[in-house]
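Fold and geometry: a report
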2 protein chains.
Amino acid sequence: MRREFKKKSRVLLIDDNYEHLAGIRELLNLEGTFDVVGIATNITVGLNLIKKYQPEIVLLDMNMPEKDGLQGILEIAKLDLGTKVLALSGYDDADLIFRAMKLGAKGYVLKTMASAQLIYAIEEVLNGKIYLPLALSSRFFEYFQQSFRQESEKEEVEEENLLSYLTQREEEVLELLTQGITYKGVASKLFISETTVKTHVNNIFQKLQVNDRTQAVLYAINNGFLTKKVKMAV
Amino acid sequence: MRREFKKKSRVLLIDDNYEHLAGIRELLNLEGTFDVVGIATNITVGLNLIKKYQPEIVLLDMNMPEKDGLQGILEIAKLDLGTKVLALSGYDDADLIFRAMKLGAKGYVLKTMASAQLIYAIEEVLNGKIYLPLALSSRFFEYFQQSFRQESEKEEVEEENLLSYLTQREEEVLELLTQGITYKGVASKLFISETTVKTHVNNIFQKLQVNDRTQAVLYAINNGFLTKKVKMAV
DNA sequence: GATTTTCTAGACCATGTGGTCTATATCTTA
DNA sequence: TAAGATATAGACCACATGGTCTAGAAAATC
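Not measured: the values here are computed from a predicted model.

A few points about helix α10 (residues 213-222) of chain B
All names here are of chain B.
- Burial analysis of α10 places 7 of its 10 residues in the buried class, the great majority of the element.
- Thr 214, Ala 216, Val 217, Leu 218, Tyr 219, Ala 220 and Ile 221 are the residues of α10 that are buried.
- Measuring from the backbone nitrogen of Thr 214 back to the side-chain oxygen at the start of α10 gives 3.2 Å, which picks out Asp 212 as the cap.

Re the protein's contact with DNA strand C
- Close to DNA strand C lie 19 residues; Lys198(A), Arg213(A), Thr167(B), Arg169(B) and Ser193(B) are nearest.
- Sugar and phosphate atoms form 69% of the subset of DNA strand C atoms that lie within 4 Å of the protein.
- Within the backbone of Arg213(A), a nitrogen or oxygen atom sits 2.8 Å from a phosphate oxygen of DNA strand C.
- Among the elements that make up the surface near DNA strand C, the one with the highest residue count is helix α9 (residues 194-208) of chain B (5 residues).
- Of the residues in the surface near DNA strand C, the class split is 3 nonpolar, 10 polar and 6 charged.

Concerning the interface of chain B and chain A
- Listed by partner, the interface residues are 36 residues for chain B and 36 residues for chain A.
- Buried area between chain B and chain A, summed over both chains or domains, comes out near 3,200 Å², and the portion from carbon and sulfur atoms is 68%.
- At the junction of chain B and chain A, the tally comes to 0 salt bridges.
- Looking at the side of chain B that touches chain A, the elements with two or more residues in it are α3 (69-79), α4 (94-102), α6 (134-158) and α10 of chain B.
- Considering every element that reaches the side of chain B that touches chain A, the biggest residue donor is α6(B), with 8 residues.

Quick notes on the environment of Arg169(A)
All names here are of chain A.
- Within the secondary structure, Arg 169 is located in helix α7 (residues 168-177).
- You can call Arg 169 partly exposed: its relative accessible area is 29%.
- Sequence spacing of Arg 169 and His 200 is 31 residues, and the spatial spacing of their C-alpha atoms is 7.9 Å.

A closer look at the packing of aromatic side chains
- Overall, the coordinates contain 21 aromatic pairs over all chains when judged by the stated rule.
- Their ring planes at 45 degrees and their centres at 5.1 Å tell us that Phe98(B) and Tyr143(B) sit as a pair that is tilted. One end of the pair, Phe98(B), is in helix α4; the other, Tyr143(B), is in helix α6, with 45 residues separating them in the sequence.
- By relative accessible area, Phe98(B) is classed as buried at 10%.
- Where Phe140(B) meets Phe144(B), the ring centres are 5.9 Å apart and the plane angle is 15 degrees; that geometry is what we call stacked. Taken together, the positions of Phe140(B) and Phe144(B), both in helix α6 and 4 residues apart, correspond to about one turn of that helix.
- Members of the aromatic cluster, connected to one another through ring pairs, are Phe98(A), Phe140(A), Phe141(A), Tyr143(A), Phe144(A), Phe98(B), Phe140(B), Phe141(B), Tyr143(B) and Phe144(B).

Concerning helix α5 (residues 115-126) of chain A
All names here are of chain A.
- Between its first and last C-alpha, α5 extends 16 Å over 12 residues, near the 16 Å set by a 1.5 Å rise per residue.
- Elements in contact with the buried residues of α5: β1 (9-14), α1 (18-31), β2 (34-40), β3 (57-61), β4 (84-89) and β5 (107-110).
- Trailing α5 by a residue or two, Gly 128 shows a phi angle of about 85 degrees, which is positive.

Rules and cut-offs
- Residues numbered from 1 in each chain as written.
- Chains lettered and ligands numbered in written order.
- Predicted model: local features only at pLDDT ≥ 70, side-chain atom pairs only at ≥ 80, totals over all residues.
- Heavy atoms only, no water.
- Buried < 20%, exposed > 50% of the residue type's maximum accessible area, 1.4 Å probe, protein only.
- Helix = DSSP H or I, 4+ residues; strand = E, 2+ residues; numbered from the N terminus.
- Polar contact = N/O pair within 3.5 Å; in protein donor to acceptor, adjacent residues only side chain to side chain.
- Near = heavy atom within 4 Å.
- Nonpolar A, V, L, I, M, F, W, Y, C, P; charged D, E, K, R; others polar.
- Contact = heavy atoms within 4.5 Å.
- Buried area = accessible area lost by both parts, 1.4 Å probe.
- Salt bridge = Lys/Arg side-chain N within 4 Å of Asp/Glu carboxyl O.
- Phe/Tyr/Trp six-rings, centres within 6.5 Å; stacked < 30°, edge-to-face > 60°.
- Expected span 1.5 Å × (residues − 1).

As structure tokens, then:
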């Protein structure tokens, strides 16, 4: 590894708990491969220090008063300095983990974890990897899958909606309507007369309980008529 | 643990490679805590065996000809027997991992991994956990974050779209159009005359380069006019 | 202060849209 | 075989919609 010949990695710490802050600084200094370029007890100060010292990685506490950690991740990203964020938290709140990762945190570790694991996490992140301990990734995935389950359940319910009463031909017509095509256009696309299209459209309106094409299109979109084909294409 | 007093867990294997199938069966039988109730070299047969033997867990190969593994996950879920699926694959394809997890796989392991790790994965999944080895979860998260990054970049681009040329009043009118309201309705809602509404609408059409309200509404929806307010509220 | 933009609103007209009713051929289902 | 659903299509009518042009008042910008 010959890490000792490498330049030390610049690290910045943001945590509203000063004790904890000092503890981590101590730990990282002892490790010897890190250079703690700054510490801050709130986001605003932290952002200024980041701009000033351009650390490679920021250890960011998630549970802070005022501007919370999620906001912090966003704002650090906005600086566009390529700063990596390793989220720190006292709790393994699935929602928080999910959102932090979604916003681009490179990792998420619990404060209760062994210091060796923290060091390891930092190194992994510095090496360009994303690090989430097994216990947390497990929580993350439960949340992740649950959100998709809810989505698909909602979709199933939606399949029992008014759209299901449409005949195949009516669906074809509706699909063209959702592209903003006129009667004439639909007629020529489906090789039927304009009046036939009108008949279909009128039947669609009655089945969807709407009065005009705009409402029909809106109903279709809101009830997954279009997305069904695109979305979740396995 | 006293695992030896527990009932053996019913396991089913699906993999188009019979050699591999037999190998895993051997491994699990040696382990002693599993009861391999069936093996199949394709999804269709596998589904029938699942219905028959109702295994607690299915080890499902992702890379199969014809019906692929993702389809398999979906169809096993549709059986609604609470069968847990542990995905097996030869490659750490991020997209495949992402989609498998999205569809509800309880875990994902590589065929190249040590057998002890496979056993561990199976046990974790049987215990109701979701198991993704660090290397794979790392790949998953890269993919996951990238998809969100693209999404937000796309949104930023979209803010530079034709919608931005609309005046405030025109936006108000458009918003009402997206609710399927007529000229008359818009006029009374905004306390202006119907002809004024028409003027606004015509201006909107020109700015959005469309010919009718349906297309305008579609443009608005597709370009985040409505969702912008709701979506991604951190 | 002059210019531009925005919001307002009218007139006129062609055409698209929606409502209703009738009707035939085909196909499915009871 | 009769009944029902579906796809087709015509006629007629009222009105909503879209295109174009003109124009005044207010606000913003230069």
